[in-house]
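One-letter residues, chain by chain:
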6 protein chains.
Amino acid sequence: MPSLDPIEYADASPEVRAVYDDIMATRKTDWVNNFWKVIAHHPPTLQRIWGNIKQVMSNGALDPLTKELIYVAVSVTNNCGYCIASHSAGARAKGMTDEQFSELLAVIGLANETNRLAIGYGVPIDDAFK
Amino acid sequence: MPSLDPIEYADASPEVRAVYDDIMATRKTDWVNNFWKVIAHHPPTLQRIWGNIKQVMSNGALDPLTKELIYVAVSVTNNCGYCIASHSAGARAKGMTDEQFSELLAVIGLANETNRLAIGYGVPIDDAFK
Amino acid sequence: MPSLDPIEYADASPEVRAVYDDIMATRKTDWVNNFWKVIAHHPPTLQRIWGNIKQVMSNGALDPLTKELIYVAVSVTNNCGYCIASHSAGARAKGMTDEQFSELLAVIGLANETNRLAIGYGVPIDDAFK
Amino acid sequence: MPSLDPIEYADASPEVRAVYDDIMATRKTDWVNNFWKVIAHHPPTLQRIWGNIKQVMSNGALDPLTKELIYVAVSVTNNCGYCIASHSAGARAKGMTDEQFSELLAVIGLANETNRLAIGYGVPIDDAFK
Amino acid sequence: MPSLDPIEYADASPEVRAVYDDIMATRKTDWVNNFWKVIAHHPPTLQRIWGNIKQVMSNGALDPLTKELIYVAVSVTNNCGYCIASHSAGARAKGMTDEQFSELLAVIGLANETNRLAIGYGVPIDDAFK
Amino acid sequence: MPSLDPIEYADASPEVRAVYDDIMATRKTDWVNNFWKVIAHHPPTLQRIWGNIKQVMSNGALDPLTKELIYVAVSVTNNCGYCIASHSAGARAKGMTDEQFSELLAVIGLANETNRLAIGYGVPIDDAFK
């Protein structure tokens, strides 16, 4: 298996460094997390995904904290350990409290339960929801 | 297959009606959606799930609209048609705009994508996230 | 899109008819459900899957009804409408009562919930479970 | 990240201890597994989920071993490592043999396969199943 | 619920028409499928997703047909009816035969089965695969 | 928990050795990976799954490398760590380059995203796809 170790800034090509620089400038931090350093093995993916994240996760009709909570909800439902860790940290950095984290998990859990009750019982969609 | 048609109020037992009444009183509406009318075929499930929903979805550290957005995020990821319809309607009733709905779907979609990139590349969790 | 309509017995090739005959003889019925009639478009798949089902779903250390309940649990979790319908019918034919069906769905729902709580909170595995 | 280490009995609040006591009394054991000790960080979730488990997993129209098998089926399909470990142990404690465990996994695997064949081929639901 | 009907070319804004035009020019066709006409309700999503598809699905180290097969594999595993229909059609337009479609579904099905066996049995990763 | 350690050739029964021998002969290698050594705890499963793999993964209308790519696509979507490792290795052994691996992951990721957009927006299937 070829190495997919994270590519550090010192070892990165100019095009990869340009993305790292933009990540740090946008996030006002001095480090880049492993997700970016690993997908940097394929620069077109690095550039494309960073472009998507910048557009989708910026402040808009939904605020950045709410977007992080939604990200965690998807990541827990899909069981992505890395994503739960990184986006929970992202949510905390944007102000999520312990109580909010627990309520977030409570909603995620209950939604996963009632999803299966609706599916298993074959509940017909109400006219009012169409 | 025995009928799992929604049980209407007029045909419901007193214990089922008591839950329907509490749903309508809590939500300040005069109708009950099909999810409850179908799981009413098993009153212990009806009572248990309604008790859970009341506790989990009420106002707390997270506001009710944010909780509905999280519910939609789980439901879309799991592809539950009924749940997407009912909780999108719930979110709209609590103030979700068209723009917010589209941003919600954009975050859900992108999270599902980056979840698989993190999983496929086997990104190691940063020490800062542990 | 080429037709993937169910292939009826009258229109089936001898190798497909041989599988249909074995399905009916094994199940002591005089009809074949659509799942088999559709995968019959690819006879190697029809023969292979029927061979698997015969081996896995027959009476063994677990009885046939319990196996159908497990089948429904997977199908509801994956949201496979056809599979929920066919294996719920299979379970009923093997004796599943309405009360058992509702308890089955209750367990499926709750398991889907606690799965996400364990994942979201990152619960470490107890030594006693290793 | 704030600690989400399991909360031991000695360090638990009275309301959390009350749930731990009820878990041990109900299960006739002298220990509590990590799932409860972690969700204890949010007592309303601890109390709610324990109440659900007590109601859903008790003896009813389905026996406790069958319910554990269903729990494992959902947990394997969702890939929840903690849940597979804890509910497999629960099933063994209720009498599951090695042979039954292997048949359980065989059914889970095959159901996951045929779910996708039914979905991929778009098999129409038979009238007999409606 | 506000209408999310597909937005036809005649009713589209100039920025949406520009994307439709590029889709038709790139694909050398004279129509646009509903996926684009629905996400056109949020032009930033329309532009972003089309940009992603153009980059990712174009000819590269993997040929366009292979990419469509992979797309179908994901869509069947996730049970996305629209995506199965559209990407199966895309694969056929790029030369997929009936036999290839059936082999594709056979691999998808079997992978879903062995995934759960590996997860359920907790198979440790071989040193040779690390 | 009874041991589910891999069963080495030296410790295997004749019926298990016969499958190991066939795996090595078919693959022209001198070792067997852990997946087979673990499911060998249940010889009927070992024989059945190996028979399925031999039939489904052999050269046919789709070539063996394409089949491995499809296997990886399913395994990443389901988050099966063992399966990603073993089938990525299988794909590399059949010629997959680094660039192809990255394009594979890019398609998998994007398909997971657009699946949820199609589901969340409820895109109606075009007549041309029916």
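Residues numbered from 1 in each chain as written. Chains lettered and ligands numbered in written order. Predicted model: local features only at pLDDT ≥ 70, side-chain atom pairs only at ≥ 80, totals over all residues.

Undergrad: Looking at this structure, how should I read the overall build of chain A?
TA: Within chain A one finds 6 helices and 0 strands. The order of helices and strands in chain A, counted from the N terminus, is α-α-α-α-α-α. A compact globule built from 130 residues would reach a C-alpha radius of gyration of about 14 Å, whereas chain A, at 18 Å, exceeds it by more than 25%. With the C-alpha coordinates aligned to their principal axes, the bounding extent of chain A is approximately 55 × 35 × 30 Å. Considering only residue pairs separated by 6 or more positions, chain A has 54% of its internal contacts joining residues 24 or more positions apart. (Helix = DSSP H or I, 4+ residues; strand = E, 2+ residues; numbered from the N terminus. Rg over C-alpha atoms; globule rule 2.2 N^0.38 Å. Contact = placed C-beta atoms within 7 Å.)

Undergrad: How should I be thinking about the domain arrangement of chain A in this particular structure?
TA: Accessible area lost upon the coming together of the parts serves often as the stated size of an interface. You can read the domains of chain A as domain 1 (1-58) and domain 2 (61-122). Here the C-alpha centroids of domain 1 of chain A and domain 2 of chain A sit 25 Å apart. (Domains from an automatic or database assignment.)

Undergrad: Explain the interface of chain B and chain A here, please?
TA: If you look at the interface, chain B gives 53 residues, while chain A gives 53 residues. When residues of the side of chain B that touches chain A are traced back to their parent elements, those giving at least two are α2 (34-39), α3 (43-57), α4 (64-78), α5 (81-93) and α6 (98-121) of chain B. Tallying contributions element by element places α6(B) first for the side of chain B that touches chain A, with 16 residues. Here the side of chain B that touches chain A is built from residues that sort into 33 nonpolar, 16 polar and 4 charged. (Nonpolar A, V, L, I, M, F, W, Y, C, P; charged D, E, K, R; others polar.)

Undergrad: Explain the interface of chain E and chain B to me, please; I cannot follow it from the model alone.
TA: Across the boundary between the two partners, chain E contributes 8 residues, which contact 5 residues of chain B. Taken together, the residues of the side of chain E that touches chain B break down into 3 nonpolar, 5 polar and no charged.

Undergrad: Honestly, the packing of helix α1 (residues 14-27) of chain E against helix α3 (residues 43-57) of chain E in this entry has me stumped. Any pointers?
TA: When two helices pack together, their arrangement is captured by the angle between the axes and the distance separating the axes. Residues and elements named next belong to chain E. For the pair α1 and α3, the least separation of the axes is 10 Å and the interaxial angle reads 20 degrees. Classed by the angle they form, the pair α1 and α3 counts as roughly parallel. When the axes of α1 and α3 are compared, the crossing they make is left-handed. Between α1 and α3, the residues in contact are Glu-15, Val-16, Val-19, Asp-22, Ile-23 and Thr-26 and Pro-43, Leu-46, Gln-47, Trp-50 and Lys-54, respectively. Its residues assigned to classes, the contact of α1 with α3 comprises 6 nonpolar, 2 polar and 3 charged. (Axes fitted to C-alpha atoms, helices over the stretch in contact; angles between N-to-C directions. Parallel < 35°, antiparallel > 145°, perpendicular 65-115°, else oblique. Left-handed = near helix turned anticlockwise from the far one by under 90°.)

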